[in-house]
Amino acid sequence: MAPDGSAKAITQPVARGPRGRSPGVSSLERLARRRSSIAFLMTLPLILVIAGLVAYPAAWAIYLSTLNRRMRANIGFDNYLILLESESFRMIIWQSCFFAITAVLLKALIGFWLAHMLHHIPTRGQRKWRGMLLIPWVIPPALSTLGWWWMFDPSYSSINWIINVFGFPSVPWLGQPWWARISVIMVNVWYGAPFFMIMYLAALKSVPEQLYEAASIDGATSWQRLRFITLPMMQNIISITVLFSLIVTFANYDIVRVLTNGGPRDTTHLFATYAFQVGILSGNLPRGAAVSLFMLPILAVAAFFILRGVTRRTKEIA
Amino acid sequence: MAQVSLRKLVKEYEGGVQAVKGIDLDIEDEEFVVLVGPSGCGKSTTLRMIAGLEEITSGEIAIGGDVVNDIPPRDRDIAMVFQNYALYPHMSVYDNISFGLKLRGFTREEIKRRVDNAARILGIGELLERKPKALSGGQRQRVAMGRAIVRDPKVFLFDEPLSNLDAKLRVQMRTEIKQVHQTVRTTTVYVTHDQVEAMTLADRVVVMNHGVIEQVGPPNELYRNPATIFVAGFIGSPAMNMIPARLEQAGGGGLMVQLGEGLSVPVPEERTARYAPHANRDLLFGIRPEHLTEATRIDKQNLAPLTVKLDVIEPMGMETLVHFHIDGTSVCGRVDPAAGAEAGVRMALAAHMEHMHLIDKGSGKVL
Ligand SMILES: Nc1ncnc2c1ncn2[C@@H]1O[C@H](COP(=O)(O)OP(=O)(O)OP(=O)(O)O)[C@@H](O)[C@H]1O
Ligand SMILES: [Mg+2]
């Protein structure tokens, strides 16, 4: 008798649960029982957060960028057209792209090289080095950039001092357009490379050792192992890291703001710093919004293709 | 096509673990040799040293007559099949199989010809476009073998290639591996801890234990004449019975094995000379279960009657295993299902004394 009873007790709710057929269950309760409803309710907080903190500001920014300077009339895409026609803004597009692409490439290369070196240090010593190499990434960039600014200072530059010791002339780090461009890239790379390093290190560790063994038996040199095993196996992490870094680097503000404030002669401005200058300092908020939104479509398209590749590979491999 | 020879091969891992303690082995051209032994005995280490994946602490490895100690894996002209296959997950089956050929600069036509040939041998022609993720365990196993076959290397190395498969597939793949070897006739070193796999596949079996070779020989030779107590116990399932016994002089110059509980069995005449020096010593009496049968089943000479009380019987279908005790030692026999074995009942068994072994407890040697 006892086993019978308990068996019934277990099967009963299951039998009536999903279909909600039993009498006396209100339609509200039935709605709550449906898995999709439950899923929706459980994600509702996140949906609200995204709506409030992402969708609303984004929509507002887009709306803002279609207004005139006094924010009285809607002028459509005129702000964008005016920007495109302006010589100085075209230079900023170019400088932003040059800055972001060069910096991301360098960060990726240096990060990969560092990760590779770390990967081959025995585990015991590795933690110490990993920790030290991560330091640039954990210091607030505004603060560390200030340190760099001091090192680049025309009269007290410690870098110049070292260069002079080796008999080379001083470099006008922040004083000339090209040196200033190189300087902001350098600082950005210094700040961002550890992030690449740590991502790549994790990716390197996830490649099974046996694949390398199989490859070396198959006849691969160490360069070929890198080319045919490591890189393809890391491709997803590389794509995601590059995409992520590209977005963040395009949107960089603090380094340029602290180091050059856009100068000399606006040659180091990026979208963010220029948007700040146009929107806040010069008081043309709609045009500033248009500046900051300029990259959105391009980055969105890039993100779409990169993420699609990532999803496809994940399905095939993992 | 090549022979492989190991000379005083030693492997000591960091921290002083001696995984391989100086082994000598000569593998003939076209031979299929299986290294077998319990977990941790150094089989994989030996194989990986042959492959060049593990540095040799001391000793020498020669492949095809050339010492390869300092030659990297890619120049040793070997192919290896790993336990978990180690297929390249980002490459299609075709690319996996052809990777080694591509690296070695074969022409596209030659690669295609070889891959198609290997795919035909292994029956994986329809899978060539797939990624490893979309394959079953047995198919992955075949791809891994395909990767080895296309290279037409001097030596195949297998490290427990079947242990990730289910029992049925394992038997099937075992047969396939044997067929492939009969087709391509490449010298093969195969590592397993499964003695059935070792027996069924090998031309010669190498039994290893604690980093040393216990015995080398053809499967049946190892089964009939194990050299040590370890081999005697390791090869064969159910394992050989080993009963503490005393070898005693009997009347007429014969010898008797005294098993305790008043049981004794006579040593066959042709073995008396061999065992005579060990008379009056405490030894282990070894006899396989199939040589302890019902008394009626056989009418040959050298049968010693042995009546025992059965504890447990296990019907296996084509035979029945009977378990009993002699002086506290558990013993297993194999009788005909029709012999009427019953637990708790005394049964007249017969020991086939021409298959007996005597083992020296101290040295572990089979006398
Ligand atoms: N990298 C290593 N460092 C230290 N000791 C190791 C290392 N690899 C293996 N060993 C030790 O060497 C011994 C032999 O290992 P090996 O892998 O050759 O065993 P095996 O016979 O292949 O066992 P199994 O059947 O479990 O695969 C073991 O005791 C193992 O712990
Ligand atoms: Mg092993």
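Note that this is a predicted model, so its numbers are computed, not measured. (Residues numbered from 1 in each chain as written. Chains lettered and ligands numbered in written order. Predicted model: local features only at pLDDT ≥ 70, side-chain atom pairs only at ≥ 80, totals over all residues. Heavy atoms only, no water.)

Draft legend 1. Focus on the site of ligand 1. All names here are of chain B. For ligand 1, the full set of nearby residues is Y13, A19, S39, G40, C41, G42, K43, S44, T45 and E160. A distance of 2.5 Å separates an oxygen atom of ligand 1 from a polar side-chain atom of S44. The contact in question runs from an oxygen atom of ligand 1 to an N or O atom on the side chain of T45, over 2.5 Å. Computed on the free molecule, ligand 1 has an accessible area of 640 Å², of which 60% lies beneath the protein chains in the complex. With 3 residues, the top contributor of residues to the shell around ligand 1 is helix α1 (residues 43-51). Tallied by class, the residues present in the shell around ligand 1 amount to 3 nonpolar, 5 polar and 2 charged. (Near = heavy atom within 4 Å. Polar contact = N/O pair within 3.5 Å; in protein donor to acceptor, adjacent residues only side chain to side chain. Areas by Shrake-Rupley, 256 points an atom, 1.4 Å probe, with all protein chains shown as cover. Helix = DSSP H or I, 4+ residues; strand = E, 2+ residues; numbered from the N terminus. Nonpolar A, V, L, I, M, F, W, Y, C, P; charged D, E, K, R; others polar.)

Draft legend 2. Representation of the interface of chain A and chain B. Chain A puts 20 residues into the contact, and the matching count from chain B is 25 residues. The junction of chain A with chain B conceals about 2,000 Å² of combined surface from both sides, 61% of it contributed by carbon and sulfur atoms. The largest share of the area that chain A buries against chain B comes from A:Q210, A:I217 and A:D218, three residues that together contribute 34% of it. At the surface where chain A touches chain B, the tally comes to 3 salt bridges. (Contact = heavy atoms within 4.5 Å. Buried area = accessible area lost by both parts, 1.4 Å probe. Salt bridge = Lys/Arg side-chain N within 4 Å of Asp/Glu carboxyl O.)

Draft legend 3. Just empty space enclosed by the protein, in detail. On inspection of all chains with the given rule, the structure shows 2 cavities of 30 Å³ or more. When its volume is computed, the largest cavity comes out at roughly 50 Å³. Around the largest cavity sit A:A214, A:I217, A:D218, B:A79, B:M80, B:F82, B:R147, B:A148 and B:R151, which together line it. Every element with two or more residues in the lining of the largest cavity is listed here: α10 (209-218) of chain A together with β6 (78-81) and α4 (137-150) of chain B. Taken together, the residues that form the lining of the largest cavity break down as 6 nonpolar, no polar and 3 charged. Estimated volume of the second largest cavity: approximately 40 Å³. Lining the second largest cavity, in full, are A:Y253, A:R257, A:N261, A:H269, A:T273, A:F276, A:Q277 and A:L281. Ranked by residues supplied to the lining of the second largest cavity, first place goes to helix α13 (residues 271-281) of chain A with 4 residues. Residue classes in the lining of the second largest cavity are distributed as 3 nonpolar, 4 polar and 1 charged. (1 Å grid on protein atoms, 1.4 Å probe; cavity = no way out; pocket = protein on both sides within 12 Å on 5 of 7 lines; lining within 4 Å. Points joined across faces, edges and corners; volume = space filled by probe spheres on them.)

Draft legend 4. Structural view of the sheet that holds strand β20 (residues 357-359) of chain B. Residues and elements named next belong to chain B. Taken together, 5 strands build an open sheet; the order of strands is β13-β12-β11-β14-β20 and the sheet is antiparallel. Both edges of this open sheet fall to β13 (263-266) and β20, since each of them pairs with a single strand only. Each neighbouring strand pair of the sheet contributes to a mean axis angle of 40°, computed without reference to strand direction. Examined bridge by bridge, strand β11 (residues 241-249) and strand β14 (residues 281-287) share 7 bridges and lie antiparallel to one another. Following the sheet pairing, R246 is matched in β14 by D282. (Pairing = 2+ DSSP bridges. Axes fitted to C-alpha atoms, helices over the stretch in contact; angles between N-to-C directions.)

Draft legend 5. Structural view of the nonpolar core. Residues and elements named next belong to chain B. Counting residues in hydrophobic clusters, the biggest one holds 45 residues, and the most contacted among them are V34, I97, M145, I177, Y190 and V207. If one sorts the elements of this core by residue count, α4 sits on top with 6 residues. Leave out the neighbours within four places in its chain, and I97 touches V115, I124, L128, V143, G146, R147 and V150. (Core = buried A, V, L, I, M, F, W, Y, C linked by side-chain atoms within 4.5 Å. Buried < 20%, exposed > 50% of the residue type's maximum accessible area, 1.4 Å probe, protein only.)

Draft legend 6. Representation of the domain arrangement of chain B. Residues and elements named next belong to chain B. The domain architecture assigned to chain B consists of domain 1 (4-234) and domain 2 (241-359). Computed over C-alpha atoms, the centres of domain 1 and domain 2 are 40 Å apart. At the junction of the two partners, domain 1 supplies 8 residues and domain 2 supplies 6 residues. Summed over both sides, the interface of domain 1 with domain 2 buries roughly 570 Å², with 59% coming from carbon and sulfur. For domain 1, the biggest contributors to the area lost against domain 2 are Y223, I229 and A232; these three give 74% of the whole. The set of elements that each furnish at least two residues to the side of domain 1 that touches domain 2 consists of α7 (219-224) and α8 (229-234). Broken down by class, the residue content of the side of domain 1 that touches domain 2 amounts to 5 nonpolar, 2 polar and 1 charged. (Domains from an automatic or database assignment.)

Draft legend 7. Inspection of the sheet that holds strand β9 (residues 204-209) of chain B at higher detail. Residue and element names in this part refer to chain B. The strand order β6-β7-β8-β3-β9-β10 describes an open sheet built from 6 strands, whose pairing is mixed. What marks the edges here is a single partner per strand, and that holds for β6 and β10 (212-217). Taken over all neighbouring pairs, the strand axes of this sheet differ in orientation by 15° on average, direction set aside. Taken together, the 5 bridges between β9 and β10 define a ladder with antiparallel strand orientation. In the sheet register, V207 faces β10, and the bridge partner there is Q215.

Draft legend 8. Representation of the environment of B:G37. Residues and elements named next belong to chain B. Here G37 is to be found in the loop between β3 (32-36) and α1. Note on G37: relative accessible area 0%, which makes it buried. Ignoring sequence-local partners within four residues, the contact set of G37 consists of K43, T192, H193, M208 and F234.

Draft legend 9. Quick look at the confidence of the model for chain B. In the predicted model, chain B carries a mean pLDDT of 88, and 99% of its residues have values of at least 70. Prediction confidence for the complex, expressed as pTM and ipTM, is 0.81 and 0.84 respectively. (pLDDT = per-residue confidence, 0-100.)

Draft legend 10. Fine view of the pairing of strand β8 (residues 187-192) of chain B. Residue and element names in this part refer to chain B. Counted residue by residue, β8 has 6 buried out of 6 residues, so it is predominantly covered. Burial along β8 is two-sided: T187, V189 and V191 facing one way and T188, Y190 and T192 facing the other are all buried. Sheet topology places β3 next to β8; 5 bridges connect them, and they run parallel. Bridging across to β8, V36 finds its partner in T192.

Draft legend 11. Summary view of the packing of aromatic side chains. Residues and elements named next belong to chain A. Under the defined criterion, the tally for this structure stands at 28 aromatic pairs over all chains. Note on W94 and F98: the rings are 5.3 Å apart at their centroids and 5° apart in plane angle, and the pair reads as stacked. Taken as a pair, W94 and F98 lie in helix α5 (residues 87-119) at a separation of 4 residues, close to a single helical turn. The partly exposed category is assigned to W94, whose relative accessible area is 43%. Measuring from centroid to centroid gives 5.5 Å for W148 and W190, while their planes differ by 70°, and the two rings are edge-to-face. Of the two residues, W148 is situated in helix α7 (residues 141-152) and W190 in helix α9 (residues 177-205); the sequence distance between them amounts to 42 residues. Exposure remark for W148: the relative accessible area of 13% places this residue in the buried category. (Phe/Tyr/Trp six-rings, centres within 6.5 Å; stacked < 30°, edge-to-face > 60°.)

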